[in-house]
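Chain by chain, the residues run as shown.
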Amino acid sequence: TPAGRRMWTLAWLGIASLCLGAAWAVPAKEERRKAEKPKAHLALYENLDLDNYDLTLDNYGEILDLSNYEELYDYSDLASKIEVGTLAPRPKDPTALPDLGTTAETPKLQPLTTAGPVHPAPPCHAVPRVASAPPGLPSCLLCLCIGTSVYCDDADLEHIPPLPPETTYLYARFNRIGTIRASDFTGLKKLKRIDLTSNFISWADVDAFRLLPSLQELILPENRLTALPELPHSIVRLDARLNRIPSTGLRPEAFRDLKQLQFLHLSDNQLDYIPVPLPESLRSLHLQNNNIQTMHEDTFCDSQDHSQIRRALEDIRLDGNPINLSLFPNAYFCLPRLPTGRFF
């Protein structure tokens, strides 16, 4: 019948529309998922608590594995692309290279004004040759010269090198210097410090240091000295520890006239007694690890003046000596502190 056909047609159209709707709904749902996926990841990232993430040396190896670092990052293909333009090109002609075996004559500088040439003393690092230097390289080619300081540490020296006349500080430690001659420091009127720590020095001329008017510090530990030379009156610090100096290696009353001496360190030698008299300027006396067995009541204080107070001498070390300091109670009354040593 016509009515039945119309109903069948409507039913078929309804089924077809449902199928088409389902077919369109699947891509739309997928598009919505793709759109919502970044939002979900973003929400997860926002909820991530980074305040508790603490990278320390304890967990560094656990968090960062650098064992395969070279495998992950291979820069070998970039080597050809790297260009360094800050280095001067090497000359092709070998004769163009400077000859370090010869010392060229220093060119003369033209005066800056017409009033006449000025000839200032050259700095230490530019001294081409010392006038009184023996054959061989001068000190500023053997050593490092900075301003008026000369550094010759660990330079395999066997003698004191010729020094520029303006030298103020000399450091020649850890060498093989065996003797000190009076001529080594001739004319060095500005020399304030000499440090010859850890050499093979067994002998020093009696006038090696006496004629240095500005010398304040003489540092000679870890050598083989058996006698001390005469010292200038300007000396403030003498350090001759770890040598082989006996009491006979000191001149009688060697330190009496050294009115500026403040630090006298003669520990680890072979002294039999305390070298008296000691100047009033002395602040620190180190005589530990010698062979001192006794002392006098006047060693540090004036036994006739019980009002004496010797405030400067506050550091006396006598430990490591075979002396019982408690046997000499009247020897310390003027001192601010008792000597360090054995009191029993």
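The rules behind these values
- Residues numbered from 1 in each chain as written.
- Predicted model: local features only at pLDDT ≥ 70, side-chain atom pairs only at ≥ 80, totals over all residues.
- Heavy atoms only, no water.
- Helix = DSSP H or I, 4+ residues; strand = E, 2+ residues; numbered from the N terminus.
- Contact = heavy atoms within 4.5 Å.
- UniProt positions renumbered as here; feature names shortened; annotations may be inferred.
- Disulfide = S-S within 2.5 Å.
- Buried < 20%, exposed > 50% of the residue type's maximum accessible area, 1.4 Å probe, protein only.
- Pairing = 2+ DSSP bridges.
- Axes fitted to C-alpha atoms, helices over the stretch in contact; angles between N-to-C directions.
- Patch = residues over 30% accessible without salt bridge, like charges linked within 9 Å, V, L, I, M, F, W, Y side chains within 5 Å.
- Areas by Shrake-Rupley, 256 points an atom, 1.4 Å probe, with all protein chains shown as cover.
- Salt bridge = Lys/Arg side-chain N within 4 Å of Asp/Glu carboxyl O.
- Lys, Arg positive; Asp, Glu negative; His and termini not counted.
- Charge placed at Lys NZ, Arg CZ, Asp CG, Glu CD.
- Phe/Tyr/Trp six-rings, centres within 6.5 Å; stacked < 30°, edge-to-face > 60°.

**Describing the environment of Leu228**
Assignment of secondary structure puts Leu228 in the loop between strand E7 (217–219) and strand E8 (237–239). If near-sequence neighbours (up to four positions away) are discounted, Leu228 is found in contact with Leu238, Ala240, Ile245, Gly249, Leu250, Phe255 and Leu266.

**Considerations on the UniProt feature "domain: LRRNT" (unreviewed entry) in the protein chain**
What UniProt calls "domain: LRRNT" (unreviewed entry) maps, in this numbering, to residues 139–169. End-to-end, the C-alpha atoms of residues 139–169 are 13 Å apart, and along that stretch the chain is 13% helix and 23% strand.

**Some details on the state of the cysteines**
Such a bond, covalent and formed between the sulfur atoms of two cysteines, is termed a disulfide. Considering all chains together, one arrives at three disulfides under this definition. Two residues, Cys140 and Cys145, share a disulfide whose sulfurs are 2.3 Å apart. Handedness here is read from the sign of the S-S torsion; for Cys140 and Cys145, about -95°, the answer is left-handed. Note on accessibility: Cys140 and Cys145 belong to one class, buried. Here Cys301 engages in a disulfide with Cys334; their sulfurs sit 1.9 Å apart.

**Brief notes about unusual backbone geometry**
Cis geometry is adopted by the peptide bond preceding Pro277, which originates at Val276 and carries an omega value of -5°. Inspection of the secondary structure puts Pro277 in the loop between strand E9 (263–265) and strand E10 (284–286). Backbone geometry places Glu253, a non-glycine residue, at a positive phi of 55°. Note on placement: Glu253 falls in the loop between E8 and E9. Using a relative accessible area of 42% as the deciding quantity, one classes Glu253 as partly exposed.

**With respect to the side chain of Asp195**
Looking at the element boundaries, Asp195 is found in strand E5 (residues 193–195). Setting aside chain neighbours within four positions, we find Asp195 in contact with Leu170, Tyr171, Ala172, Arg173 and Ile219.

**Notes on the sheet that holds strand E11 (residues 315–317)**
Pairing within the open sheet is mixed, and its nine strands lie in the order E1-E2-E3-E5-E7-E8-E9-E10-E11. Strands with a single pairing partner mark the edges of an open sheet, and in this sheet they are strand E1 (144–146) and E11. Mean inter-strand twist for the sheet, computed between neighbouring axes without regard to direction, equals 5°. Examined bridge by bridge, E8 and E9 share three bridges and lie parallel to one another. Of the residues in E9, the one forming a bridge with Leu238 is Leu264.

**Some points on a negative patch on the surface**
Residues Glu297, Asp298, Asp302 and Asp305 make up a contiguous surface patch of negative charge. One can find Asp298 in the loop between E10 and E11. Residue Asp298 is classed as partly exposed on the basis of its relative accessible area of 46%.

**Describing the packing of aromatic side chains**
In this structure the tally under the stated criterion is three aromatic pairs. Aromatic pair Tyr151 and Tyr171: ring centres 5.1 Å apart, planes at 5°, arrangement stacked. Residue Tyr151 is located in strand E2 (residues 149–151), and its partner Tyr171 is located in strand E3 (residues 169–171); the two are separated by 20 residues in the primary sequence. Ring centres 6.3 Å apart and planes at 70° place the aromatic pair Tyr332 and Phe343 in the edge-to-face group. One end of the pair, Tyr332, is in the segment after E11; the other, Phe343, is in the segment after E11, with 11 residues separating them in the sequence.

**Observations concerning the pattern of salt bridges**
Under the definition given, this model contains 15 salt bridges. In this structure, Arg176 engages Asp156 in a salt bridge whose closest nitrogen and oxygen atoms are separated by 2.7 Å. Of this pair, Arg176 sits in the loop between E3 and strand E4 (179–180) while Asp156 sits in the loop between E2 and E3, placing them 20 residues apart in sequence. Residues Arg317 and Asp319 are paired through a salt bridge, measuring 2.7 Å at the closest nitrogen-oxygen approach. If you follow the salt bridges from partner to partner, you end up with Arg193, Glu217, Arg237, Asp239 and Arg241 in one network.

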